[in-house]
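Spelled out, the chains give:
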Amino acid sequence: MANDVDDQLNRLAQRPIPDLATLEADVFATIAENARNRTTGRAIGIWSVGVALATGVVGGATLAGSIAPAHAAAQAAGPFGIDTPLAPSTLLLGR
């Protein structure tokens, strides 16, 4: 049974040695490119959050404006409140 680690190390040993004279410049170029990509990604993320927030606020305000008159006319059906049909006092007293 062949050991995968040994095979991979043998393939790595047979690869050509990279030019060490330009290694530092290549590393710094890669770091600068990653920083630019990270800045761009952060900007896109901030814009996405802003658009989602604005869409939610506008959509909620529009929906609230169209439902408010119908909702104000409806009687609350919750157990908590002053004049609700499911309040314990109304159920016990038979109102």
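**A closer look at the overall build of the protein chain**
Part 1 of the reasoning: Along its length, the protein chain carries three helices and zero strands.
Part 2 of the reasoning: Taken from the N to the C terminus, the helices and strands of the protein chain come in the order α-α-α.

**Things to note about the confidence of the model for the protein chain**
Residues shown with low pLDDT carry predicted positions that ought not to be read at fine detail.
Part 1 of the reasoning: With 64% of its residues at a pLDDT of 70 or more, the protein chain has an overall mean of 78.
Part 2 of the reasoning: Averaged pLDDT values over the elements of the protein chain bottom out at 62 in helix α3 (residues 88-93) and peak at 91 in helix α1 (residues 4-14).

**A few points about a nonpolar patch on the surface**
Part 1 of the reasoning: Taken together, the side chains of L20, L23, V27, F28 and I31 make up a nonpolar region of the molecular surface, amounting to roughly 490 Å² of accessible area.
Part 2 of the reasoning: With relative accessibility at 41%, the residue V27 sits in the partly exposed group.

**Looking at the environment of T55**
Part 1 of the reasoning: In this structure, T55 sits in helix α2 (residues 23-73).
Part 2 of the reasoning: Polar contacts involving the side chain of T55 include one to the main-chain carbonyl oxygen of V51, which spans 2.7 Å.

Definitions and limits used
- Residues numbered from 1 in each chain as written.
- Predicted model: local features only at pLDDT ≥ 70, side-chain atom pairs only at ≥ 80, totals over all residues.
- Heavy atoms only, no water.
- Helix = DSSP H or I, 4+ residues; strand = E, 2+ residues; numbered from the N terminus.
- pLDDT = per-residue confidence, 0-100.
- Patch = residues over 30% accessible without salt bridge, like charges linked within 9 Å, V, L, I, M, F, W, Y side chains within 5 Å.
- Areas by Shrake-Rupley, 256 points an atom, 1.4 Å probe, with all protein chains shown as cover.
- Salt bridge = Lys/Arg side-chain N within 4 Å of Asp/Glu carboxyl O.
- Buried < 20%, exposed > 50% of the residue type's maximum accessible area, 1.4 Å probe, protein only.
- Polar contact = N/O pair within 3.5 Å; in protein donor to acceptor, adjacent residues only side chain to side chain.

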